[in-house]
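# Structure assessment
Letter by letter, the chains look like this.
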Amino acid sequence: MYSEDLSPLRRGTDNKYWYEFADDCEFEKLLTIGWLDSNHSFPVGPIDNALVKKLRDLICCIPKGINVHVARIRGQHPCNLCKAYPKIRCKIGGMRHLGCTELRIPSREQKIVFTSPDMILHYIEEHSYLPPDEFLEALRNFDTSQPFNAVELGKKLIKRSE
Ligand SMILES: [Zn+2]
């Protein structure tokens, strides 16, 4: 599934509906980041190592009390660009396959939650993908000392359609 960066997450036949957060939620929008494919060009460039490490730790479920994963599938999607089935080494829990979940990264300041395939780490590390500043800022400011559960937050999403 391709989605332009910073556009609402769309689903359904003909992408008929999208999601927003309920009025009582601290977040407003759910926007896509890193839904790449080989038919669309994407920005490339270097990213601060510390940020890449933070993303990698979040994917590896570090620190405890933080879960950014939703929509785990039973199998594994290959990379849309090189068709590899990448895996990463986590400090805890050994190897972890990418292409299995969606990540939700919050930005409290921007009232946005960014949704990405977990493959985004591979896109960054192997294909030099450069996500938009808004996303990098959210990652930088993500306070991992506060509990966060993307699955619980997902319950506050409402489906909208034209
Ligand atoms: Zn690849």
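Everything below is about the structure shown above.
A brief look at the structure comes next. For clarity, every value in this text was computed on a predicted model and none was experimentally measured. (Residues numbered from 1 in each chain as written. Predicted model: local features only at pLDDT ≥ 70, side-chain atom pairs only at ≥ 80, totals over all residues. Heavy atoms only, no water.)

## Topic: unusual backbone geometry
With an omega of -5°, the peptide bond between Ile62 and Pro63 qualifies as cis. With phi around 65°, Lys83 is a residue other than glycine that occupies positive phi space. Mapped onto the elements of the fold, Lys83 is located in the loop between β5 (69-70) and β6 (87-90). (Helix = DSSP H or I, 4+ residues; strand = E, 2+ residues; numbered from the N terminus.)

## Side note on the state of the cysteines
Using the criterion set out here, one finds 1 disulfide in the structure. Put simply, Cys60 and Cys90 are joined by a disulfide, and their sulfur atoms are 2.0 Å apart. Handedness of the Cys60-Cys90 disulfide follows from its S-S torsion of about -75°: it is left-handed. Separated by 30 residues along the polypeptide, Cys60 in the loop between α1 (49-59) and β4 (66-67) and Cys90 in strand β6 bring together distant segments of the chain. Cys61 takes part in no disulfide bond, and the closest cysteine sulfur to it belongs to Cys60, at a distance of 7.5 Å. Of the residues examined, Cys61 reaches a relative accessible area of 34% and is grouped as partly exposed. The thiol of Cys100 is unpaired, and the distance to the nearest cysteine sulfur, on Cys90, comes to 11 Å. The exposure class assigned to Cys100 is buried, which follows from its relative accessible area of 14%. (Disulfide = S-S within 2.5 Å. Buried < 20%, exposed > 50% of the residue type's maximum accessible area, 1.4 Å probe, protein only.)

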